[in-house]
Amino acid sequence: MTTFSLEPRRTALVLIDLMPRIIGLETAPLSGREVLERCVALAKATRSVGGLVVHVRVERPGVGVQPEGSELAPELAPQPNDLQIVKQTVGAFYGTGLDEALRSRDIDTVVLAGIATNFGVESTGRAADDLGYTTVYVSDAMTGLDAKAHDFAISYVFPRFGTVTTGAEYVAALSPEAG
């Protein structure tokens, strides 16, 4: 079990590519629906203690109409204080204003979840680390296009850039006095 604490008002839960067309892909070790359900619960817990929830979705550059299912999953229901980011690259930082938006809110910790572990999540996590954020990866609230790639990222890549934790450990870290 990973034990650590977070300052909720300086923490952003960044949810990567939770869009119907991505959620519907064949993924492993978890289904997209399982990841979505876990991310909805994490978002609720984050908001309840004053943390920021960031919804990231991807749009294909240079096309007039995005593919069907390119909107955020309706279950996420972004709230008024949530941040919505549209990216056109694998990671969520380049060209999106995400770094500026987080810094203007005095955020110093980025917590990552979503799809796919070894693409959007990993790329965003590497950039967050490069930009000096404390980076946390919620291992049971993300999935890959391939279980081996997911497992490699969780066990080998992510520990080099930040803290790997579970959803339950993340929620406990948001409210250490409750534990």
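That block above? That's the structure.
Residues numbered from 1 in each chain as written. Predicted model: local features only at pLDDT ≥ 70, side-chain atom pairs only at ≥ 80, totals over all residues. Heavy atoms only, no water.

Before we move on, can you summarise the packing of helix α4 (residues 117-130) against helix α5 (residues 147-157) with the specific residues and values?
Put simply, α4 and α5 touch, their axes get as near as 10 Å, and they point 25 degrees apart. In terms of orientation, α4 and α5 fall into the roughly parallel class. Together, Thr117, Asn118, Glu122 and Arg126 of α4 and Ala149, His150, Ala153, Ile154 and Val157 of α5 make up the contact between the two elements. Residues of the contact of α4 with α5, tallied by class, amount to four nonpolar, three polar and two charged. (Axes fitted to C-alpha atoms, helices over the stretch in contact; angles between N-to-C directions. Helix = DSSP H or I, 4+ residues; strand = E, 2+ residues; numbered from the N terminus. Parallel < 35°, antiparallel > 145°, perpendicular 65-115°, else oblique. Contact = heavy atoms within 4.5 Å. Nonpolar A, V, L, I, M, F, W, Y, C, P; charged D, E, K, R; others polar.)

So what's going on with the packing of helix α2 (residues 32-48) against helix α6 (residues 167-174)? Which residues, and what values?
Between α2 and α6, the shortest axis-to-axis distance is 10 Å and the interhelical angle comes to 5 degrees. Here α2 is positioned roughly parallel relative to α6, judged by the angle of their axes. Residue-level inspection shows Leu42, Ala45 and Thr46 of α2 in contact with α6, the latter providing Gly167, Tyr170, Val171 and Leu174. Counted by class, the contact of α2 with α6 contains five nonpolar, two polar and no charged residues.

If you had to explain α6 to someone new, which residues and values would you point to?
Of all the residues in α6, the buried ones are Gly167, Glu169, Tyr170, Ala173 and Leu174. Down the axis of α6, the sector holding all buried residues measures 160 degrees, keeping them to one side. Among the structural elements, β1 (11-16), α2, β4 (109-115), β5 (134-143) and β6 (163-165) are those in contact with the buried residues of α6. (Buried < 20%, exposed > 50% of the residue type's maximum accessible area, 1.4 Å probe, protein only. Arc of directions from axis to C-beta.)

Report on α2, specifying residues and quantitative values.
Counted at 1.5 Å a residue, the expected span for α2 with its 17 residues is 24 Å, and the 24 Å between its end C-alpha atoms agrees. When α2 is considered as a whole, its buried residues turn out to be Gly32, Val35, Leu36, Cys39, Leu42, Ala43, Ala45 and Thr46. Buried positions along α2 lie against β1, α1 (20-23), β2 (52-58), β4, β5 and α6. A positive phi of about 90 degrees marks Gly50, the residue just after α2. (Expected span 1.5 Å × (residues − 1).)

Describe the nonpolar core, and please don't skip the residues or the numbers.
Counting residues in each nonpolar core, the largest one holds 28 residues, and the members touching the most others are Leu13, Leu15, Leu18, Cys39, Val111, Ile115 and Tyr170. Contributing elements (two or more residues each) for this core: β1, α1, α2, β2, β4, β5 and α6. At five residues, α2 tops the list of elements feeding residues into this core. If you look at the next biggest cluster of nonpolar residues, it comprises 25 residues, including Ala12, Val54, Tyr133 and Met142. (Core = buried A, V, L, I, M, F, W, Y, C linked by side-chain atoms within 4.5 Å.)

Got a sec to walk through the sheet that holds β2? Specific residues and values, please.
In spatial order, the strands read β3-β2-β1-β4-β5-β6; together these six strands make up an open sheet with parallel pairing. If you trace the sheet from one side to the other, it starts and ends with β3 (83-87) and β6, each paired once. Shown here is a sheet whose adjacent strand axes are inclined to one another by a mean of 25 degrees, direction ignored. Pairing between β1 and β2: five bridges, direction parallel. Bridging from a neighbouring strand, Val14 pairs with Val54 of β2. Packed on one face of the sheet, α4 meets β1, β3, β4 and β5 and runs near 170 degrees to β5. (Pairing = 2+ DSSP bridges.)

Would you mind going over the environment of Ile22 in detail, with residue names and values included?
Inspection of the secondary structure puts Ile22 in helix α1. The sequence separation of Ile22 and Leu72 amounts to 50 residues, and the corresponding C-alpha distance is 9.9 Å. Residues in contact with Ile22, not counting those within four places in the same chain, are Asp17 and Ile115.

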